[in-house]
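If you want the building blocks of each chain, they are given just below.
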Amino acid sequence: MTDASPKLEGTPLITPSSTDHPLYDQVVEACRSVYDPEIPVNIYDLGLIYTIDISPENAVNVTMTLTAPGCPVAGEMPGWVAEAIEPLAGVKHVDVDMVFEPPWGMDMMSDEARLELGFM
């Protein structure tokens, strides 16, 4: 059994998204159609979507988290995200990975989400 390699200094905690890919904006909008049933804000603006990585072959890999590991929809949320993205024209395959590092924090919410929830 080997230990995981330590993170290199300067390595981002969250991998950057493929923002220059032509499908990126459509995938973001699809993510915005998914809501946490306990919070009236979409999961993208809540900051639950960490990375949207789209390959040159249009395979989409989403890395996301939850507001809390014990969230009652933890097992269902990745499927909801995949179901929102898969129908997009050009998308070949969707994988959604759930992570809890780094942990989600309220500072990850968009200004719109903060306003909607009364934090601004």
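Refer to the structure above for everything that follows.
Okay, so let's go over this structure. For clarity, every value in this text was computed on a predicted model and none was experimentally measured. Sequence order as written defines the numbering, with residues in each chain counted from 1. This being a predicted model, a pLDDT of at least 70 is required before a residue's local features are given, and a value of 80 or more before pairs of side-chain atoms are given or counted; all residues contribute to the totals for chains, interfaces and linings. By convention in this description, side-chain values take in all heavy atoms of the structure and omit both hydrogens and water.

## Describing the nonpolar core
- The term nonpolar core refers to a set of buried residues drawn from Ala, Val, Leu, Ile, Met, Phe, Trp, Tyr and Cys, joined through side-chain atoms within 4.5 Å. We call a residue buried when its accessible area falls under 20% of the maximum for its residue type, exposed when it is over 50%, and partly exposed in between, using a 1.4 Å probe and counting protein chains only. Counting 33 residues, the largest nonpolar core has Val 27, Ile 52, Val 60, Met 64, Val 81 and Ile 85 as its most contacted members.
- Breaking this core down by element, the ones donating at least two residues are α1 (24-31), α2 (43-46), β1 (49-54), β2 (59-64), α3 (77-85) and β3 (93-98).
- The contact partners of Ile 52, leaving out residues within four places of it in the chain, are Ser 17, Ser 18, Tyr 24, Val 27, Val 28, Cys 31, Tyr 44, Val 60 and Asn 61. The helix and strand labels rest on DSSP assignments: H or I over at least four residues marks a helix, E over at least two residues marks a strand, and numbering proceeds from the N terminus. Residue contacts are defined here by distance: any two heavy atoms, one from each residue, within 4.5 Å place the two residues in contact.

## Remarks on α1
- Every buried residue belonging to α1 is among Tyr 24, Val 27, Val 28, Ala 30 and Cys 31, and all of these are buried. One side of α1 holds all its buried residues, which, seen down the axis, span an arc of 160 degrees.
- Contacts from the buried residues of α1 go to α2, β1, β2 and α3. The directions considered for the arc run from the helix axis to the C-beta atoms.

## Some remarks on the environment of Gln 26
- The residue Gln 26 is located in helix α1 in this model.
- Residues Gln 26 and Val 41 lie 15 residues apart in sequence; the distance between their C-alpha atoms is 18 Å.

## Quick look at the pairing of β3
- Here the rule is simple: two strands pair whenever DSSP picks up at least two bridges between them. For β2 and β3, the ladder comprises six bridges, and the chain directions are parallel. Paired with Asn 61 across the two strands is Asp 95, which belongs to β3.
- Handedness of a crossover is defined as follows: orient the strands so they point away from the viewer, and if the path from the first strand over the helix to the second runs clockwise, the crossover is right-handed. Handedness of the crossover joining β2 and β3 through α3: right-handed.

## Side note on the sheet that holds β3
- Judged by pairing direction, the sheet is mixed, and its three strands sit side by side in the order β1-β2-β3 without closing on themselves. Since the sheet does not close on itself, it has two edges, and those belong to β1 and β3, each with one partner. Adjacent strand axes in the sheet meet at a mean angle of 15 degrees when their direction is disregarded.
- Pairing between β1 and β2: five bridges, direction antiparallel. Note on definitions: angles span 0 to 180 degrees between N-to-C directions of axes, and those axes are lines fitted to C-alpha atoms, for helices only across the stretch in contact.

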